[in-house]
Amino acid sequence: MLFRSEKLIDDAFYAQEWTKQRVSNKKKGKMVVKQELKRKGINPELIDEALESIDDEDELRSAEELAAKKWRTTKGELWERKRKTAAFVMRRGFSGELVRRALDNVLSREGEDAEELGTEFD
């Protein structure tokens, strides 16, 4: 096919670029990105390769930025703010463990008590 030979259609490249852009710029987690690529009809193998190329620290940094922004705008008791912030970040496709780490880091920087969040976010 002419398009493929001219590299005008390259699902592997598309999946890589989409994944990088969504995690870095749009602050989406790998789970959401995976679903988006599936809906676009990208081969599951190419999706997995694209997701594996994302550095865990980049994903954590995105989750931390989201958590910090939500934390600053959330009111209420400490535990309620934690729950709301964690739920917000998880809805963007980040795993429970990553959310826990991100929120702990944010709370440490904010000078809040970063007590264990518990297992409800797994």
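Above this text you will find the structure in question.
Residues numbered from 1 in each chain as written. Predicted model: local features only at pLDDT ≥ 70, side-chain atom pairs only at ≥ 80, totals over all residues. Heavy atoms only, no water.

1. Considerations on the overall build of the protein
Broken down by element type, the protein carries 7 helices and 0 strands. Ordered by position in the sequence, the α and β elements of the protein form the string α-α-α-α-α-α-α. With 122 residues in all, the protein has 37% of them scored as buried. Taking all contacts inside the protein whose residues are at least 6 apart in sequence as the whole, residues at least 24 apart take part in 60%. (Helix = DSSP H or I, 4+ residues; strand = E, 2+ residues; numbered from the N terminus. Buried < 20%, exposed > 50% of the residue type's maximum accessible area, 1.4 Å probe, protein only. Contact = heavy atoms within 4.5 Å.)

2. Overview of the pattern of salt bridges
Proximity of charged atoms lets side chains of opposite charge pair with each other. A full pass over the atoms with the stated rule returns 10 salt bridges. Taking the shortest distance from any N to any O, the salt bridge between Arg 83 and Glu 80 comes out at 2.6 Å. With Arg 83 and Glu 80 both in helix H6 (residues 78-90), this residue pair falls 3 residues apart, about one helical turn. Owing to a relative accessible area of 17%, Glu 80 belongs among the buried residues under this scheme. (Salt bridge = Lys/Arg side-chain N within 4 Å of Asp/Glu carboxyl O.)

3. Side note on the packing of aromatic side chains
If you walk through the whole model with that rule in mind, you get 1 aromatic pair. Geometrically, the ring pair formed by Tyr 14 and Trp 18 is stacked, given 5.9 Å between the ring centres and 25° between the ring planes. Residue Tyr 14 and its partner Trp 18 are both found in helix H2 (residues 11-24); the two are separated by 4 residues, about one turn of the helix. Under the relative-accessibility criterion, Tyr 14 is labelled partly exposed at 33%. The residue whose ring lies beneath Lys 40 is Trp 18, and the NZ or CZ to ring-centre distance is 4.5 Å. (Phe/Tyr/Trp six-rings, centres within 6.5 Å; stacked < 30°, edge-to-face > 60°. Lys NZ or Arg CZ within 6 Å of the ring centre and 35° of its normal.)

4. Considering the packing of helix H5 (residues 56-73) against H6
Running from N to C, H5 and H6 point in directions that differ by 135°, and their axes come no closer than 9 Å. Viewed along their axes, H5 and H6 adopt a mutual orientation that is oblique. Between H5 and H6 lies a crossing of right-handed hand. On the side of H5, the interface is formed by Ala 63, Leu 66, Ala 67, Lys 70 and Trp 71, while H6 contributes Leu 78, Arg 81, Lys 82, Lys 84, Thr 85, Phe 88 and Val 89. In terms of residue class, the contact of H5 with H6 is built from 7 nonpolar, 1 polar and 4 charged. (Axes fitted to C-alpha atoms, helices over the stretch in contact; angles between N-to-C directions. Parallel < 35°, antiparallel > 145°, perpendicular 65-115°, else oblique. Left-handed = near helix turned anticlockwise from the far one by under 90°. Nonpolar A, V, L, I, M, F, W, Y, C, P; charged D, E, K, R; others polar.)

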